[in-house]
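Chain by chain, the residues:
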Amino acid sequence: MVIHLSMVNPGEGVDVPVKKMEKAIRKVWKISDFQLVKESDGDGRYCSEMGCWFRVTASGEDLGRIYVGRVNSCRSGGCTVNMKEEEVAFEFFDYFLLTDMSGEVKWVKVFNYQATQGHEVMSRGWLNQFRGLTSEIHPVFGEDNEALSGATVSAKAITQDIQDVLQCLAVN
């Protein structure tokens, strides 16, 4: 089973591997029976052009949330173009993160890496450093969280994106 989220940029959708999300949910909350409910309040606060939130519920209780999104990394040749002002082909990757209901990160998984460099950002060991992150914590790349040789751009991009989506969740 695959959920397809339509993304505006870079022009194609995200096929979310539901089985991988379910495996992470089972591991984090140690449950087998749960539901995923897409969060949308009509004005797009929980869904943007680059991602969407789902609520995880079990036995009528909200356990946490999952954000599924796309991160634009650099395109081959450089990172200097503002992707919101110009239509250029950026490399990208897709990931999901699980939070509890207070917004604390419990799990991060990169599941679709389309960039030509920086695959190290998919490492479970490196992604584990985001556990415990909340909207109040603003890690400095290379100081509070580890830099990755060969994946600097992707590592910076996912670090910033996770901060942004947690901030969005805290505001809503």
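Predicted model only: the values in this text are computed from it and were never measured.

Trainee: Just to check I follow, could you spell out the pattern of salt bridges for this structure?
Mentor: When charged atoms on two side chains of opposite charge get close, those side chains can pair. Under the counting rule described, the total for this entry stands at seven salt bridges. Here Arg55 and Glu39 are joined by a salt bridge, their closest N and O atoms 3.3 Å apart. Residue Arg55 is located in strand E5 (residues 51–58), and its partner Glu39 is located in the loop between strand E3 (35–38) and strand E4 (47–48); the two are separated by 16 residues in the primary sequence. For Arg55, a relative accessible area of 23% corresponds to the partly exposed category. Residue class for Glu39 comes out buried when judged on its relative accessible area of 5%. Close ionic contact of Arg55 with Asp62 constitutes a salt bridge, the shortest N to O distance being 3.1 Å. Judged by its relative accessible area of 35%, Asp62 is partly exposed. Here the salt bridges share partners, and the residues they tie into one network are Glu39, Arg55, Asp62 and Arg65.

The rules behind these values
- Residues numbered from 1 in each chain as written.
- Predicted model: local features only at pLDDT ≥ 70, side-chain atom pairs only at ≥ 80, totals over all residues.
- Heavy atoms only, no water.
- Salt bridge = Lys/Arg side-chain N within 4 Å of Asp/Glu carboxyl O.
- Helix = DSSP H or I, 4+ residues; strand = E, 2+ residues; numbered from the N terminus.
- Buried < 20%, exposed > 50% of the residue type's maximum accessible area, 1.4 Å probe, protein only.

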